[in-house]
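# Summary of structural features
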Amino acid sequence: MSKKEFVDAYAKATGETKKRAEELVNAFLETAEEFLVKGENIQFVGWGTFEVKERAAREGRNPSTGDPIQIEAKKVVKFKVGKKLADKVAEAK
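The paragraphs below set out a description of the structure included in this document. No experiment lies behind these values; they were computed from the predicted model shown. (Residues numbered from 1 in each chain as written. Predicted model: local features only at pLDDT ≥ 70, side-chain atom pairs only at ≥ 80, totals over all residues. Heavy atoms only, no water.)

This part covers the sheet that holds strand 1 (residues 42-44). The three strands lie next to each other as 1-2-5, forming an open sheet whose pairing is antiparallel. Two strands close off the open sheet at either side, each with one partner strand: strand 1 and strand 5 (74-81). Taken pair by pair, the neighbouring strands of this sheet meet at an average axis angle of 25°, ignoring direction. In the packing of helix 2 (residues 18-37) onto the sheet, contacts are made with strand 1, strand 2 (48-55) and strand 5, and the angle to strand 1 comes to roughly 130°. (Pairing = 2+ DSSP bridges. Helix = DSSP H or I, 4+ residues; strand = E, 2+ residues; numbered from the N terminus. Axes fitted to C-alpha atoms, helices over the stretch in contact; angles between N-to-C directions. Contact = heavy atoms within 4.5 Å.)

Shown next as structure tokens:
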């Protein structure tokens, strides 16, 4: 599902106009991004948690030559699904 399709579905579900629904979705995404950039986790009980994790530096391989290369440490965003959402997805057919 694309962002546009999501906005359309959100507008239909909430009764908002598509323009207003897009503003709300964008505001949600921008707010989530702000907190994640600061290193803060975002938890929606029963749905899931967005966590900022530190990935350690490690050695990798250049796929073309097979030579070892050093991969730098970095921060990544991980999503851990909540039980309620996981159960709903597992039950869906």
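After presenting the structure, the write-up continues.
Note on placement: Thr49 falls in strand 2. Filtering out sequence-adjacent residues up to four positions away, Thr49 remains in contact with Asn41, Ile42, Gln43, Lys78, Phe79 and Lys80.

A contiguous patch of positive charge, built from Lys53, Arg55, Arg58, Lys74, Lys78 and Lys80, is present on the exposed surface. Going through the elements one at a time, strand 2 and strand 5 are the ones with two or more residues in the positive patch. Looking at the positive patch, the element that brings in the most residues is strand 5, giving three residues. Secondary-structure assignment places Lys78 in strand 5. (Patch = residues over 30% accessible without salt bridge, like charges linked within 9 Å, V, L, I, M, F, W, Y side chains within 5 Å. Areas by Shrake-Rupley, 256 points an atom, 1.4 Å probe, with all protein chains shown as cover. Salt bridge = Lys/Arg side-chain N within 4 Å of Asp/Glu carboxyl O. Lys, Arg positive; Asp, Glu negative; His and termini not counted. Charge placed at Lys NZ, Arg CZ, Asp CG, Glu CD.)

Once that is clear, we can look at the pairing of strand 2. Pairing geometry for strand 1 and strand 2, over three bridges, is antiparallel. Along strand 2, the bridge assignment pairs Ile42 with Phe50. Two successive antiparallel strands, strand 1 and strand 2, enclose a turn made up of three residues, where Gly46 displays a positive phi of approximately 85°. Relative to strand 5, strand 2 runs antiparallel, the two being bridged by eight bridges. Counted as the bridge partner of Thr49 is Lys80 from strand 5.

Without other data, these values stay purely geometric and don't point to any function.
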